[in-house]
Amino acid sequence: MAVQGAGVEAVLRRLLSRERGRPVLKPNKPLRLKDEVANRRPEKGEATCITEMSILMACWKQNDFNNTVCSSEVSAFYRCIEKAQAEREKAKRQTFSQGGRLLPKQANKLLKRYPNLKQEV
């Protein structure tokens, strides 16, 4: 890893040097990574249990919002919600165990713990 870093530094030094006239690379910002990433929210998944919820609401509307008559629909809706939450937790665990992407909050925490050097290349 250190060999690759040294190679990159040599290439950057050559591109930024004025030995052959004007420099090839003229950066307008410092050539180093920032100590933070943008706080983007992960994309939302699609809604779950929509059909069960619509069946439940139709039952309530027909029976003047009486829960006792619609108990089977209510239980079906709650079962669907529990199943969806279990699947979401399972998917969340799999992404972290497989080395998935870090959330911006986690990346910022790590970058603050291990900041970049404050000098340019």
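Criteria and thresholds
- Residues numbered from 1 in each chain as written.
- Predicted model: local features only at pLDDT ≥ 70, side-chain atom pairs only at ≥ 80, totals over all residues.
- Heavy atoms only, no water.
- Helix = DSSP H or I, 4+ residues; strand = E, 2+ residues; numbered from the N terminus.
- Expected span 1.5 Å × (residues − 1).
- Disulfide = S-S within 2.5 Å.
- Buried < 20%, exposed > 50% of the residue type's maximum accessible area, 1.4 Å probe, protein only.
- UniProt positions renumbered as here; feature names shortened; annotations may be inferred.
- Core = buried A, V, L, I, M, F, W, Y, C linked by side-chain atoms within 4.5 Å.

An unreviewed UniProt entry lists the protein chain under the name CHCH domain-containing protein, with Pygocentrus nattereri given as the organism.

Trainee: Before we move on, can you summarise helix H2 (residues 50–62) with the specific residues and values?
Mentor: Residue pairs three or four apart in sequence face the same way in an α-helix, which turns once every 3.6 residues. Look at H2: 18 Å from first C-alpha to last across 13 residues, which is about the 18 Å you get at 1.5 Å a residue. Looking one or two places after H2, you find Asp64, whose phi comes out positive at around 55°.

Trainee: So what's going on with the state of the cysteines? Which residues, and what values?
Mentor: Under the criterion given, the structure shown has two disulfides. Through a disulfide, Cys49 is tied to Cys80; the S-S separation comes to 2.1 Å. Judged by the torsion about the S-S bond (-100°), the Cys49/Cys80 disulfide is left-handed. Taken together, the positions of Cys49 in the loop between helix H1 (2–16) and H2 and Cys80 in helix H3 (residues 71–97) put the pair 31 residues apart, joining distant regions of the chain. Of the two residues, Cys49 and Cys80, neither departs from the other in class, the shared state being buried. Looking at the protein chain, its bonded cysteines, counted consecutively from the start of the sequence, adopt the pairing 1-4, 2-3.

Trainee: Which residues make up the UniProt feature "domain: CHCH" (unreviewed entry) in the protein chain, and what are the values?
Mentor: With numbering matched to this structure, UniProt assigns "domain: CHCH" (unreviewed entry) to residues 49–83. Secondary structure across residues 49–83 comprises 74% helix and 0% strand; the distance between its end C-alpha atoms is 10 Å.

Trainee: Lay out the nonpolar core with the relevant residues and their values.
Mentor: By size, the foremost hydrophobic cluster in this structure holds seven residues: Cys49, Leu56, Cys59, Cys70, Val74, Phe77 and Cys80. Elements supplying a minimum of two residues to this core: H2 and H3. Among the elements that line this core, the one with the most residues is H3, at three residues.

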